[in-house]
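Survey of secondary and tertiary structure
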Amino acid sequence: MSKPVLVIGGGVAGIQAALDLADRGLKVHLVEKSPSIGGVMAQLDKTFPTMDCSICILAPKMIECSRHPNITIHTLSQVTGVSGGPGDFKVKVIKEPRSVDESKCTGCGICSEKCPAKVKDEWQEGLTERKAIYIIFPQAVPLIACIDRDNCLYFQKGICQICSKVCPAGAIDYEQKAEEIDLDVSSIIVATGFQEYDPSELGEYGYGRFEDVITAKEFERLVCASGPTGGHLNRPSDGKIAHRVAFVQCVGSRSHKKGYPYCSSVCCMYATKEAVLIKEHEPASDVTIFYMDLKVFGQGFQEFVDRAQSHWGVKYVRGRPGEIRRNPVTKDLTIWYENTETGEVAEKEVDLAVLCTTMISRPENKELADVLGLELDEWGFFESLDPLMNPIETNRPGIYICGCCHGPRDIPESVAEASGTAACAAETARRYGQ
Amino acid sequence: MVSSKELLKELLTDEKLGYCQSCGSCSASCPMTRVIPEKYNPRTLLQKIHLDPDGMSEKEELWLCAWCYRCTERCPQGIQPTEIFLLTRNFAAEKGMIPANPRRIIKEIMNSGRSMPYGEFIDELREDYGLPPIGEVPAKVLEEQRKIVGEEFLEVVK
Ligand SMILES: Cc1cc2nc3c(=O)[nH]c(=O)nc-3n(C[C@H](O)[C@H](O)[C@H](O)COP(=O)(O)OP(=O)(O)OC[C@H]3O[C@@H](n4cnc5c(N)ncnc54)[C@H](O)[C@@H]3O)c2cc1C
Ligand code: SF4
Ligand code: SF4
């Protein structure tokens, strides 16, 4: 029998690669750093270009991963060592303790309900709070609670232990230790994704100072029915419904000074999507997208933008705003901009400003690249063997890359690449298997 | 010494001003554009300078920048509009082409040591805030200033 394949990162790209391989009859180890697979797609409300509900498309795939007899999911896990070569990689994985027995927890959530320790909910982009023992999101796979030891009263102060008293399954295990797992695999697929640029350094836009200046990813949670406001556009500062919204494009992208010089490739489309979502909620809303150039190159993308304009009345203004100011009394924001097509310099008052920030590489890529012996490009993304003809292969035979871990791209492209890496991995397994 | 023209040439190369995306961050940040949008726009001024740095010497527009550096601070491409405007000005001044208004201000500075005419009302204002009067700029200081500026320049603004 062929050896299994290792997939690192359980976002949509990693999930797709794992399912493709598993359906071909190959065993897969899916290693995910966070408590659940799903990645960023699980956080999105709807997705361009089809306007499907993101989690409705992803959740069945996540569940398929957990049910598939050929896939083993390792959450809270990271790869710490790799040796050998194609057909025979020896891999070390460290699994952080969940402090909850995976075989006993039923995902009922009573522990979180009773836990007294509240912290910022990163999965909800900090727009609300969660407990120290939590299930990262309702559709999490695996649907198992997890203790965040840094914020747990028992781990920090030696008190409480309420969760273990209320858990009906007796699943809480404070003694759990980190586990080391050894894997023997034929090839490796890297799908560790991206993170968002932090726009605080662009002081003129007031992110971090003004609560109603938010990032596009935060907006996805705000507009989502499973988000902190139940999908109502209550702006963070005072809960007022945001009817006047501005999107600012290229925040941290296409910049040779602060930020990054590359184009983030998906923001023009997701901003259009988010603008349409506002219009779907309230057609009378006043929504403006401030852009430098509309880079909508995919199939059906231009039509999507045209429709946002003609059918939904989304306004597009060519001009990168100079600054955002806030009225301290009303909390309303004023955007200063030049419409560079007409030369008119003007201000626009809005309730909410959404910064479309660039996708950047994960800082942990550096460590992972060292472990895997891979090259990173100057921005910290994994480097292709050849960006033209071998985009998903790497400098190390038997290790493949897909999705946003090697640069910004949308879901269709991430998924197509994932299937490509699965085909490469299957071929490697065949060639080296007995 | 590097002349204004050489420095300017450097700032106007493809690797510098060539990166301008005409995004409008500069014009949307400029306090002068806010006050006189029909007369002044750093984004379009940069385009004009790029196309014809020499031809700009006679243009009044060149002298409207308040030198606040907001555009330079915010330009995503690291272009230095403020520096470019100053150098283009220097270049124009080297040729003796200074419009009437800036010329008047320069003369005021050379004669009184201040860009604004000094009058008793200023001292009265200062008194309201509990500040001492400033009085005239001492002759010695004026002398020093003329030395720093140089006789050549004084000839130009005459
Ligand atoms: C605001 C916003 C809106 C968007 N809207 C759309 C849209 O409407 N349509 C569309 O097509 N695209 C959209 N995108 C793009 C889309 O999110 C990405 O294309 C997609 O999420 C990429 O998937 P991925 O699997 O490569 O990465 P990710 O989703 O980032 O997943 C990577 C996974 O790997 C895990 N991981 C990271 N490092 C490690 C490690 N060292 N070890 C183990 N695991 C690790 C992470 O925890 C994560 O689960 C949007 C993006 C943003 C920011
Ligand atoms: S801000 Fe910079 S890139 Fe944008 S128009 Fe002005 S000079 Fe050009
Ligand atoms: S430095 Fe000059 S051009 Fe730039 S913003 Fe200030 S006044 Fe405007």
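Thresholds applied
Residues numbered from 1 in each chain as written. Chains lettered and ligands numbered in written order. Predicted model: local features only at pLDDT ≥ 70, side-chain atom pairs only at ≥ 80, totals over all residues. Heavy atoms only, no water. Helix = DSSP H or I, 4+ residues; strand = E, 2+ residues; numbered from the N terminus. Buried < 20%, exposed > 50% of the residue type's maximum accessible area, 1.4 Å probe, protein only. Pairing = 2+ DSSP bridges. Axes fitted to C-alpha atoms, helices over the stretch in contact; angles between N-to-C directions. 1 Å grid on protein atoms, 1.4 Å probe; cavity = no way out; pocket = protein on both sides within 12 Å on 5 of 7 lines; lining within 4 Å. Points joined across faces, edges and corners; volume = space filled by probe spheres on them. Nonpolar A, V, L, I, M, F, W, Y, C, P; charged D, E, K, R; others polar. Domains from an automatic or database assignment. Left-handed = near helix turned anticlockwise from the far one by under 90°. Contact = heavy atoms within 4.5 Å. pLDDT = per-residue confidence, 0-100. Near = heavy atom within 4 Å.

Moving on to the overall build of chain B. For chain B, the helix and strand inventory stands at 10 helices and zero strands. From first element to last, N terminus to C terminus, chain B shows the α and β order α-α-α-α-α-α-α-α-α-α. Dimensions of chain B along its principal axes, counting C-alpha atoms only, are 50 × 35 × 25 Å. Looking at chain B as a whole, 41% of its 158 residues qualify as buried.

Residue and element names in this part refer to chain A. Spatial strand order, β15-β22-β16-β17-β18: five strands in an open sheet with parallel pairing. Each edge of the open sheet carries a strand with a single partner, namely β15 (213–215) and β18 (315–318). Across this sheet, the average inter-strand angle for adjacent strands is 25°, counted without regard to direction. Here strand β16 (residues 244–251) runs beside strand β17 (residues 286–291); their pairing, made up of five bridges, is parallel.

So, on to the layout of surface pockets. Residues and elements named next belong to chain B. When its volume is computed, the second largest pocket comes out at roughly 520 Å³. Together, 19 residues line the second largest pocket, and W63, R89, P102, I105 and I106 are the ones closest to its centre. Here the lining of the second largest pocket takes six residues from helix α7 (residues 100–112), the largest share from any one element. Considering only residue class, the lining of the second largest pocket consists of 15 nonpolar, two polar and two charged. Per-domain counts for the lining of the second largest pocket show at least three residues from each of domain 1 (4–94) and domain 2 (100–157).

Next up on the list: the packing of helix α1 (residues 12–23) of chain A against helix α10 (residues 411–432) of chain A. Residues and elements named next belong to chain A. Axis separation between α1 and α10 bottoms out at 8 Å; the angle between their running directions is 40°. Crossing handedness for the pair α1 and α10: right-handed. Along its contact with α1, which presents V12, A13, Q16, A17, D20 and L21, the element α10 presents I411, S414, V415, A418, S419, T421, A422, A425 and A426. Each residue belonging to the contact of α1 with α10 can be placed in one class, and the counts come to 10 nonpolar, four polar and one charged.

Residue and element names in this part refer to chain B. This prediction gives chain B a mean pLDDT of 88; 97% of its residues lie at or above 70. Across chain B, helix α2 (residues 25–29) holds the top mean pLDDT of 97, while helix α10 (residues 151–157) sits lowest at 71. Across the predicted assembly, pTM comes out at 0.93 and ipTM at 0.89.

Turning to the site of ligand 2, a few remarks are in order. With respect to spatial proximity, 13 residues lie near ligand 2, and among them C20, C23, C26, L46 and C75 of chain B are the closest. Split by residue class, the shell around ligand 2 holds seven nonpolar, five polar and one charged.

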